[in-house]
Amino acid sequence: MEKIIGLIDAPFTPMKANGDVNLEPIAEYAALLQRNGLKGVFINGSSGEGYMLTTDERKALAERWVSVAPEGFKVIVHVGSCCLRESQELARHAQEIGASAIGSMAPPFPKIGRIEELVKYIEAIASCAPALPFYYYHIPAFNGAFLPMLELLKAVDGRIPNFAGIKYTYESLYEYNQCRLYKDGKFDMLHGQDETILPSLAQGGIGGTTNYNGRELVGIIEAWKNGDLETAREKQNFSQAVINVICNYRGNIVGGKRIMKLIGFDMGPNRVPFRNMTDEEEQSMKKELEAIGFFERCNR
């Protein structure tokens, strides 16, 4: 199964002022991301507020992204839901429209507490799109599924034919590396934490701050490949400085989405119960970003 090389973006869902999904900016959005070195998108995930969208909205977004994706630009569709049948429907739809792959995190309710429970959940979804690679989205801070990922790889190996790997959004670089080494790198391990991209440069990754800081994150990889560790470290430090700012404004889903407006690409509001930024907070965040030279280095 082909592995992903390079960075995949976790895009925001564009919305109109009234909260309706806005499909119009997506073609330009895809072009912006490709222009800044991103290799594809992982849509309808946490950055995209996927669990807060209806099934029809998620399908419409998937169809739009697939239809406008530049040649070679991957579209991975997150199909996770608290309703397994909805996940299965979204998986079948993703295969029908020609998506590159599908993925799912464990549901936030009911919480999954054993590896076998997780394997059965993944199996039930992956089997509905057998022609597409399936990625498990490991983000235990969101769903409480603090399970050993090496054990997951052992359990799915030979049981789920289209299991491709894991989007690993967790702090244990030791576990991440052990998964990478499993059977000489049999599975694709996509690093999902932008704060620690430099010490995890092994294959590919999926990030949320790549929406507006992709040039710098791609630059980390390029500098590392060229043996320029000093530049790679500087860019990693800068990316952490950007993350420090958005942490002051309710994180990437809220603060990051508003940064898109500041760089000329308004994604609209977040859905309730997210608390949208005020105009005063926006101006305060802008000043903090200006202080670290963000607007000279951001995506354009």
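Everything discussed here concerns the structure shown above.
Draft legend 1. Quick look at helix 2 (residues 55-68). Between its terminal C-alpha atoms helix 2 stretches 20 Å, which fits the 20 Å expected from 14 residues at 1.5 Å a residue. Within helix 2 the residues assigned to the buried category are Thr55, Glu57, Arg58, Lys59, Leu61, Ala62, Trp65 and Val68. Contacts made by the buried residues of helix 2 are with helix 1 (26-35), strand 2 (40-43), strand 3 (74-78) and helix 3 (84-96).

Draft legend 2. Expanded view of the packing of helix 2 against helix 3. At a minimum axis distance of 11 Å, the contact between helix 2 and helix 3 shows a crossing angle of 20°. Between helix 2 and helix 3, the angle falls in the class roughly parallel. Taken as a pair, helix 2 and helix 3 cross one another with a handedness that is right-handed. Here helix 2 contributes Thr55, Arg58, Lys59, Ala62 and Glu63 to the contact with helix 3, which in turn contributes Glu86, Glu89, Leu90 and His93.

Draft legend 3. Looking closely at the pattern of salt bridges. This model, assessed by the stated rule, comprises 17 salt bridges. Lys257 is the salt-bridge partner of Glu49, the closest N and O atoms lying 3.0 Å from each other. Placement of Glu49 in the loop between strand 2 and helix 2 and of Lys257 in helix 10 (residues 251-262) is noted, with a sequence separation of 208 residues between them. Its salt-bridge partner being Arg258, residue Glu282 comes within 2.7 Å of it at the nearest N-O pair. Of this pair, Glu282 sits in helix 11 (residues 279-291) while Arg258 sits in helix 10, placing them 24 residues apart in sequence. Note on Glu282: relative accessible area 7%, which makes it buried. Under the relative-accessibility criterion, Arg258 is labelled buried at 15%. Via salt bridges that share partners, Glu216, Glu234, Lys235 and Arg297 belong to a single interconnected network.

Draft legend 4. Summary view of the environment of Thr55. Within the fold, Thr55 resides in helix 2. Separated by 35 residues in sequence, Thr55 and Leu90 place their C-alpha atoms 7.5 Å apart. A polar atom in the side chain of Thr55 sits 2.3 Å from the side chain of Glu86.

Draft legend 5. Geometry of the packing of aromatic side chains. On inspection of all chains with the given rule, the structure shows 11 aromatic pairs. Their ring planes at 55° and their centres at 5.4 Å tell us that Tyr29 and Trp65 sit as a pair that is tilted. Of this pair, Tyr29 sits in helix 1 while Trp65 sits in helix 2; the two residues are 36 residues apart in sequence, bridging distant segments of the chain. This pair shows no difference in class: Tyr29 is buried, exactly as Trp65 is. Here Tyr168 and Tyr176 contribute two aromatic rings whose centre-to-centre distance is 5.6 Å and whose plane-to-plane angle is 50°, an arrangement assigned as tilted. For Tyr176, a relative accessible area of 3% translates into the label buried. Among the aromatic residues, those joined into a ring-pair cluster are Phe134, Phe163, Tyr182 and Phe187.

Draft legend 6. Structural detail: the pairing of strand 3. The element strand 3 is largely enclosed, with a buried count of four among its five residues. Of the strand pairs in this sheet, strand 2 and strand 3 are connected by four bridges, and their pairing is parallel. The residue of strand 3 that forms the bridge with Phe42 is Ile76. Between the parallel elements strand 2 and strand 3, the chain passes through helix 2 in a crossover that is right-handed. Strand direction decides the pairing type here: strand 3 and strand 4 (residues 101-105), joined by three bridges, are parallel. Note on strand 4: the bridge partner recorded for Ile76 is Ala101. Regarding topology, helix 3 serves as the crossover connection from strand 3 to the parallel strand 4, and that connection is right-handed.

Here is what the cut-offs are and how they apply
- Residues numbered from 1 in each chain as written.
- Predicted model: local features only at pLDDT ≥ 70, side-chain atom pairs only at ≥ 80, totals over all residues.
- Heavy atoms only, no water.
- Helix = DSSP H or I, 4+ residues; strand = E, 2+ residues; numbered from the N terminus.
- Expected span 1.5 Å × (residues − 1).
- Buried < 20%, exposed > 50% of the residue type's maximum accessible area, 1.4 Å probe, protein only.
- Contact = heavy atoms within 4.5 Å.
- Axes fitted to C-alpha atoms, helices over the stretch in contact; angles between N-to-C directions.
- Parallel < 35°, antiparallel > 145°, perpendicular 65-115°, else oblique.
- Left-handed = near helix turned anticlockwise from the far one by under 90°.
- Salt bridge = Lys/Arg side-chain N within 4 Å of Asp/Glu carboxyl O.
- Polar contact = N/O pair within 3.5 Å; in protein donor to acceptor, adjacent residues only side chain to side chain.
- Phe/Tyr/Trp six-rings, centres within 6.5 Å; stacked < 30°, edge-to-face > 60°.
- Pairing = 2+ DSSP bridges.
- Right-handed = clockwise from strand over helix to strand, strands pointing away.

This is a description of form; function is not addressed.
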